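Here's the letter readout for the chains.
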Amino acid sequence: MSESSCYHCGQPIPDDVDLSVKIGNETRAMCCFGCQAVAQSIVDNGLQDYYRSRDALPESPREAMPAILEQLALYDHVDFQKSFVKDLGENEREASLLLEGITCSACIWLNEQHVGKLPGVTAIDINYATRRARVRWDESRVKLSDILGAIAAIGYRAYPYDAAKNEEISRKERREALWRLWVAGFGMMQVMMYAFPVYIADGDMTADIESLMRWASLLLTLPVIFYSSAPFFRNAWRDLKLRRVGMDVPVALGVGAAFAASCWATLMQSGEVYFDSVAMFVFFLLGGRYLEMTARQKALSVTEALAKLLPAFAQKMPDFPGDRSTEQRVVADLRPGDYVLVRAGDIVPADGRVIEGISCANESLLTGESRPVAKSPGDLVTGGSINAESPLVIQVEQVGEGTRLSAIINLMERAATEKPRIVEMADRIASYFVAALLAVAVLVAVGWYFVDPSKALWITVSVLVVTCPCALSLATPIALTVAAGALAKDGLLVTRGHAIETLARATHFVFDKTGTLTTGRMHLVDVGVFGSLGKDQCLAISAALEQSSEHPVATALRYAAGASLPVAVDVVSEPGLGIEAVVEGRRYRIGRPAYALALSHAELPDAAAAWLESGDTVVVLGDAGGCLATFRIGDEVRPESAALVRELRAAGKQVVLLTGDAPAVAKRVAAALGIEDVRAGVTPQGKHDCVTALQAAGALVAMVGDGVNDAPVLAQAQVSVAMGGGAQLARTQSDFVLLSENLDHLRHGLRRAGKTLQVIRQNLWWSFAYNFVALPLAIAGYVTPWLAGIGMSASSLLVVLNSLRIQRVEKD
């Protein structure tokens with residue numbers, strides 16, 4: 001065969017294709033990735049003699065799927081890829097895909113192994129619960145259409161992910177599953193009508209009537225086998241062709257063997273028939289899978305709702321502010337700088353800033369915060385939030401991938417496609433279990449053939465069915481999916497696959513101070529009065545002097561003083577020192593101690609001087625008579641911090657405060673929150689070294705801090721939580737993002753993570769216990785095929801229902 005034709009199928013090799021497989025000692029040319037994959041599989045399994053002994057060429061995948069491949073070529077167009085393909089580098093690309101036809105974890109493994117071996121594919125991760133795949137490839141070595149074609153070649157379909165397409169496929173799956181379930185249920189009832197008289201007759205029925213009953217049962221079972229059971233046989237055949245064993249192989253063998261034996265007994269007019277058991281088993285199995293599917297789709301509702309938040313259209317104001325007229329535009333066409341009108345009740349179409357109007361926004365689905373957030377000119381608004389009260393004019397600042405909502409969705413996709421170690425372990429165990437199950441079934445069949453041949457078939461079928469490890473493969477991914485959706489609803493975004501499990505097992509919780517346990521905003525901590533004026537008077541005068549200042553200290557003083565302030569005149573501001581002004585005919589100064597006391601040349605009182613060592617900001621109010629008051633300004637502790645620390649300590653966790661602030665400030669915050677282990681004045685490298693030391697001592701560290709400023713130490717910790725504010729979100733590498741910045745949501749998330757780990761353990765224990773109990777009973781002949789169907793379906797359904805309990809966590 002010439003090198004211009006494919007060594008595997010004999011078809012001509014396209015000019016732009018350079019693919020090969022080493023067969024024996026020679027490198028052979030291939031025409032497409034499909035032939036390359038098949039040929040490599042033949043070589044890997046030591047079957048090279050096939051090429052020497054074959055007397056005909058196989059059909060080329062390029063010839064078998066011309067229409068599909070022609071359609072897939074459209075996905076290589078740059079314009080078409082804009083909506084779902086990310087450019088990661090010179091030639092590196094990443095796409096989020098939706099897979100159709102996934103029925104079990106073995107399907108996931110098959111696709112990952114098959115696509116992962118394509119030249120140029122650098123990574124592929126598929127989430128069982130969501131059916132979503134994240135594929136990364138080198139554009140110079142492989143095209144997206146080749147990847148989609150490779151998936152199609154093994155019996156699956158892949159589409160660019162979008163919420164509408166996902167919903168369409170989900171509806172299609174539910175509709176098909178419901179029809180198959182209805183046919184199986186109807187067939188089961190009809191077959192039982194003919195089987196029941198035979199059972200109660202107990203041998204007294206004449207041979208011709210019994211034969212008629214059997215033929216009627218056979219005809220009524222045909223739709224159950226060829227329609228309702230079709231997915232089992234199709235998936236099993238695909239797995240066997242690829243020399244792999246999936247979950248549907250034992251099911252298909254059991255159903256097929258029972259039906260074939262029943263047909264033979266009907267034709268021969270002797271032996272037992274199992275048409276009723278087959279129909280009943282298929283009905284119960286399909287019923288269990290349908291309930292599992294609906295529960296899984298319900299668990300994903302929060303995640304999918306985020307993807308559908310943005311509206312399709314926006315009211316653009318092209319000539320604002322000169323002309324206030326609007327025109328309807330597609331949201332995808334908006335650009336930074338555009339002005340849009342958002343009416344009351346409408347969804348904000350993009351990230352932007354309020355230019356005109358006063359209202360409040362409902363951001364509950366984005367942040368988990370149920371209370372509306374006030375919005376006025378100058379405030380930022382997030383795309384996907386709902387304008388609750390009155391119209392707003394907004395200037396667009398971020399669109400498309402740059403929006404906060406897009407960053408949230410991308411982080412959730414990253415988490416959904418990453419597999420924790422516990423999931424990979426369960427998948428490996430399940431794959432080995434299926435292979436072992438088939439070996440056990442063969443031994444059972446042989447053993448019962450010699451003990452009681454009349455029972456050998458139905459006992460073997462029961463063994464194949466009752467111990468299929470579907471529950472084992474579902475135990476972990478469904479629980480993690482439910483937990484991730486529930487946490488996102490509460491404002492705690494999961495961005496890594498391992499995060500939930502690791503957070504639940506963490507032994508040490510290390511907190512940054514500024515912006516984490518505290519708000520990062522200045523507030524009045526204490527007031528010292530030393531003159532003839534009272535505390536409230538001193539506050540009012542100080543706020544009046546600071547009335548026009550935008551400094552954080554001035555803001556804290558005005559907030560503490562309230563709304564009713566005296567009028568300050570002859571205001572003189574000295575940058576870096578303070579402010580001098582006249583209030584009610586009396587001259588005052590506020591600012592640094594030396595500056596404020598220069599009017600009187602007095603000394604700072606000893607009680608006030610001690611505050612200078614605290615690390616907080618200290619400002620002095622003075623007049624010609626001396627020091628009137630001192631104000632201690634510090635970072636405000638979040639009101640929910642104390643409850644979080646208290647709950648962690650009650651759970652036996654070690655809490656550490658790790659900050660770069662002065663020791664006095666850190667100790668004051670730690671004392672207020674009940675934290676004993678305080679490490680202050682620490683540099684970013686020092687924080688990294690501190691966490692490393694804790695890990696070396698055996699600690700499993702959870703770090704909570706600023707997503708950008710604390711990036712090195714967040715990356716070092718086994719699990720990390722970043723406070724999720726604005727533009728930082730897209731850059732964070734943390735495992736969780738606290739979107740609401742409300743530590744109560746983190747406290748509730750810790751409870752949910754603990755419950756998730758508990759549910760996963762329950763699911764795994766149940767899966768193992770069920771199989772270890774069911775297998776001996778089935779081998780001993782105590783489990784009939786229809787009862788095996790109920791047991792297998794019920795075990796999977798129990799795992800799903802148990803996982804849904806994660807959505808209900810007690811809050812206070």
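Just above, that's the structure.
Below: a short report on this structure. (Residues numbered from 1 in each chain as written. Predicted model: local features only at pLDDT ≥ 70, side-chain atom pairs only at ≥ 80, totals over all residues. Heavy atoms only, no water.)

## Here's the deal with the overall build of the protein chain
Next, step 1: The helix and strand inventory of the protein chain stands at 31 helices and 29 strands.
Next, step 2: The buried share of the protein chain, reckoned over its 812 residues, is 52%.
Next, step 3: For the protein chain, restricting intrachain contacts to residue pairs at least 6 apart in sequence, the fraction spanning at least 24 positions comes to 68%.
Next, step 4: Of the roughly 36,500 Å² that the protein chain leaves accessible, carbon and sulfur atoms contribute 56%. (Helix = DSSP H or I, 4+ residues; strand = E, 2+ residues; numbered from the N terminus. Buried < 20%, exposed > 50% of the residue type's maximum accessible area, 1.4 Å probe, protein only. Contact = heavy atoms within 4.5 Å. Areas by Shrake-Rupley, 256 points an atom, 1.4 Å probe, with all protein chains shown as cover.)

## Examining the sheet that holds strand β16 (residues 392-398)
Next, step 1: Here we have 6 strands laid out as an open sheet, ordered β9-β8-β10-β16-β11-β14, and antiparallel in their pairing. Taken across any chain shown, the strands that pair with only one partner, and hence form the sheet edges, are β9 (327-330) and β14 (380-381).
Next, step 2: Of the strand pairs in this sheet, strand β11 (residues 351-356) and β14 are connected by 2 bridges, and their pairing is antiparallel. The residue of β14 that forms the bridge with R353 is L380. (Pairing = 2+ DSSP bridges.)

## Side note on the side chain of S228
Next, step 1: Its place among the elements puts S228 in helix α9 (residues 207-228).
Next, step 2: According to the relative accessible area criterion, S228 is buried, its value standing at 0%.
Next, step 3: A distance of 2.8 Å separates the side chain of S228 from the backbone oxygen of R180, its partner in a polar contact.
Next, step 4: Not counting chain neighbours up to four residues away, the residues in contact with S228 comprise R180, V183, A184, P223, V282 and L286. (Polar contact = N/O pair within 3.5 Å; in protein donor to acceptor, adjacent residues only side chain to side chain.)

## Considering the sheet that holds strand β20 (residues 568-574)
Next, step 1: Across the sheet, 6 strands lie side by side as β19-β24-β23-β22-β21-β20; this open sheet has antiparallel pairing. Edge positions in the sheet fall to β19 (518-529) and β20, since each of these pairs with one other strand and no more. Sheet twist, expressed as the average angle between the axes of neighbouring strands with direction ignored, equals 20°.
Next, step 2: In the sheet, strand β23 (residues 617-623) pairs with strand β24 (residues 626-637) via 7 bridges, with the strands oriented antiparallel. (Axes fitted to C-alpha atoms, helices over the stretch in contact; angles between N-to-C directions.)

## Here we look at the nonpolar core
Next, step 1: Judged by nonpolar contacts, the single largest core of 52 residues is most densely connected at V251, V282, V463 and M792.
Next, step 2: Among the elements that make up this core, the one with the highest residue count is helix α12 (residues 275-299) (10 residues).
Next, step 3: Setting aside chain neighbours within four positions, we find V282 in contact with A184, V224, S228, S229 and V255.
Next, step 4: Counting 50 residues, the second-largest nonpolar core is a separate cluster that includes V482, L644, L648 and F736. (Core = buried A, V, L, I, M, F, W, Y, C linked by side-chain atoms within 4.5 Å.)

## Some details on the pattern of salt bridges
Next, step 1: Summed over the entire model, instances satisfying the criterion amount to 18 salt bridges.
Next, step 2: R747 is paired through a salt bridge with E647; the nearest N and O atoms lie 3.3 Å apart. Of this pair, R747 sits in helix α30 (residues 743-779) while E647 sits in helix α25 (residues 641-650), placing them 100 residues apart in sequence.
Next, step 3: Its relative accessible area of 7% is what places R747 among the buried residues.
Next, step 4: Taken together, the shared-partner salt bridges connect E647, D744, R747 and R751 into one network. (Salt bridge = Lys/Arg side-chain N within 4 Å of Asp/Glu carboxyl O.)

## Considering unusual backbone geometry
Next, step 1: Here the amide bond leading from F320 into P321 is cis, since omega sits at 5°, within 30 degrees of zero.
Next, step 2: The backbone phi angle of D570 is positive, close to 50°, even though this residue is not glycine.
Next, step 3: In this structure, D570 sits in strand β20.
Next, step 4: A relative accessible area of 53% means that D570 is categorised as exposed.
Next, step 5: Of note, H601 is a non-glycine position whose phi angle comes to about 55°, a positive value.
Next, step 6: Examined against the element boundaries, H601 turns out to sit in the loop between α23 (593-596) and α24 (606-609).
Next, step 7: Residue H601 is classed as exposed on the basis of its relative accessible area of 70%.

## Here's the deal with helix α22 (residues 552-561)
Next, step 1: Turning to α22, its buried residues number three or more, namely V553, A554, A556, L557 and R558.
Next, step 2: For α22, the elements touching its buried residues are β19, α21 (535-545), β22 (586-591), β23 and β24.
Next, step 3: The first or second residue beyond α22 is G562, which carries a positive phi of 95°.

## Topic: the packing of helix α18 (residues 470-489) against α30
Next, step 1: In contact at an axis separation of 9 Å, α18 and α30 are set at 165° when each is read in the N-to-C sense. Considering their axes alone, α18 and α30 lie roughly antiparallel with respect to each other. Viewed along their axes, α18 and α30 form a crossing whose handedness is right-handed. Where α18 abuts α30, its residues A471, L472, A475, T476, A479, L480, A483, A486 and L487 lie against G749, R752, T756, V759, I760, N763, L764, S767 and F768. (Parallel < 35°, antiparallel > 145°, perpendicular 65-115°, else oblique. Left-handed = near helix turned anticlockwise from the far one by under 90°.)

## Describing the packing of aromatic side chains
Next, step 1: Taken as a whole and judged by the stated rule, the model has 6 aromatic pairs.
Next, step 2: Between F259 and F275, the aromatic rings sit 6.0 Å apart at their centres with planes inclined by 70°, giving edge-to-face as the arrangement. Taken together, the residues span a long stretch of sequence, with F259 in helix α11 (residues 248-268) and F275 in helix α12 at a distance of 16 residues.
Next, step 3: Ring geometry for F320 versus Y339: centroids 5.0 Å apart, planes at 45°, classification tilted. Placement of F320 in the loop between β8 (313-316) and β9 and of Y339 in strand β10 (residues 339-342) is noted, with a sequence separation of 19 residues between them.
Next, step 4: Y339 sits in the partly exposed class, given a relative accessible area of 21%.
Next, step 5: Taken together through their ring pairs, the aromatic side chains of W179, W182 and F186 make up a single cluster. (Phe/Tyr/Trp six-rings, centres within 6.5 Å; stacked < 30°, edge-to-face > 60°.)

## Observations concerning the packing of α9 against α11
The packing of two helices is summarised by the inter-axis angle and the distance between the axes.
Next, step 1: Two numbers describe how α9 lies on α11: the axes approach to 10 Å, and their chain directions differ by 155°. It follows that α9 is roughly antiparallel to α11 by the angle criterion. Between α9 and α11 lies a crossing of left-handed hand. For the pair α9 and α11, the contacting residues are R214, W215, L218, T221, L222 and I225 in the first and V255, F259, C263, A265, T266 and L267 in the second.

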